[in-house]
Amino acid sequence: MTDREFDLKKAKLALVALHAPELKVPGGGTHLLSLDTKDLEEWWQTLPQGTAVVVQPKIDGCAIGLRYRDGVLEAAWTRSGRSAMRVVELVPSVPKVLREESEGLTEVHGELYGLERLTSQQRAASALRRTRPNGDGLLFSAYKLVNSLSSESCSQVALGKIGFDTPDTIVCTSRGQVRELHQRWLQGAIFEQWPTDGIVVKVFDQRLQRKLGANSVAPRWALAMKRYA
């Protein structure tokens with residue numbers, strides 16, 4: 001089959017059975033997707049009229065997936081599917097047991113990054129490669145509660161309640177507001193406390209996110225805007 005046919009079948013499977021074996025990666029749960037960097041105007045035209053979005057810092061680190069069973073951490077993996085358990089177990093901001101009781105599976109995606117702004121991504125990547133890792137100087141910020149079907153704001157609140165740090169989240173209703181926030185980020189006026197290499201724009205309504213879906217590389221409901229955007 002063609003790549004497009006494969007992507008469509010994979011997207012349909014993810015809608016009805018997110019934890020299906022065919023969607024698993026070697027390290028644990030669902031795939032960690034990248035972010036598209038197309039022009040904001042082009043991306044905005046793909047959204048239904050009146051769609052609200054959120055803007056968050058694009059943290060310069062390494063994407064990590066976490067899986068909890070009955071509230072206890074049991075697996076962690078990188079975007080390539082490699083297990084990251086030996087590192088995240090040493091990072092204080094990754095809860096090993098969720099604060100609130102939780103039955104069954106809970107999956108969280110986030111960014112592992114370093115305290116030093118200029119070497120954040122390198123520090124996280126280096127820790128993941130070490131034979132004898134340590135969690136010194138590493139932090140974790142959760143940006144996605146998998147299978148949440150409310151809103152980005154509610155999802156961030158839910159993540160905070162179970163023990164995670166989350167990125168700043170600003171709600172926008174127009175392209176102009178997003179452009180203004182991107183300019184403010186370029187000027188160092190927002191998200192300055194985070195080690196960033198851009199901003200992330202996401203559809204606010206998570207039910208609409210599911211409807212828009214994703215290809216094999218990136219979600220259609222999110223966009224990264226970097227310095228050249």
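In this text the structure is predicted, and so the values were computed from the model without any measurement.

S.K.: Before we move on, can you summarise the sheet that holds strand β8 (residues 222-225) with the specific residues and values?
M.R.: The strands making up a sheet associate through backbone hydrogen bonding, with each pair oriented either parallel or antiparallel. Across the sheet, 4 strands lie side by side as β6-β1-β7-β8; this open sheet has antiparallel pairing. Of all the strands in the sheet, the pair left with one neighbour each is β6 (170-172) and β8. The average undirected angle you get between the axes of adjacent strands in this sheet is 30°. Relative to strand β7 (residues 196-203), strand β1 (residues 53-59) runs antiparallel, the two sharing 6 bridges. Directly across from I59, in β7, lies its bridge partner T196. Where helix α5 (residues 152-161) meets the sheet, its contacts fall on β1, β6 and β7, and the angle it forms with β1 comes to roughly 50°.

S.K.: Any details on the packing of aromatic side chains? Residues and values, ideally.
M.R.: Within this structure, the stated rule accounts for 4 aromatic pairs. Between the aromatic rings of Y68 and F164, the centroid separation amounts to 6.1 Å while the plane-to-plane angle is 85°, which identifies the pairing as edge-to-face. Taken together, the positions of Y68 in strand β2 (residues 62-69) and F164 in the loop between α5 and β6 put the pair 96 residues apart, joining distant regions of the chain. Residue classification places Y68 among the buried residues on the basis of a relative accessible area of 0%. When the centroid spacing of 6.1 Å and the interplanar angle of 55° are considered together, the rings of F140 and F164 count as tilted. Of the two residues, F140 is situated in strand β5 (residues 138-145) and F164 in the loop between α5 and β6; the sequence distance between them amounts to 24 residues. Side by side, F140 and F164 carry an identical accessibility label, which is buried. Put simply, the rings of Y68, F140 and F164 touch in pairs and so form one group of aromatic residues.

Basis of the calculations
Residues numbered from 1 in each chain as written. Predicted model: local features only at pLDDT ≥ 70, side-chain atom pairs only at ≥ 80, totals over all residues. Heavy atoms only, no water. Pairing = 2+ DSSP bridges. Helix = DSSP H or I, 4+ residues; strand = E, 2+ residues; numbered from the N terminus. Axes fitted to C-alpha atoms, helices over the stretch in contact; angles between N-to-C directions. Contact = heavy atoms within 4.5 Å. Phe/Tyr/Trp six-rings, centres within 6.5 Å; stacked < 30°, edge-to-face > 60°. Buried < 20%, exposed > 50% of the residue type's maximum accessible area, 1.4 Å probe, protein only.

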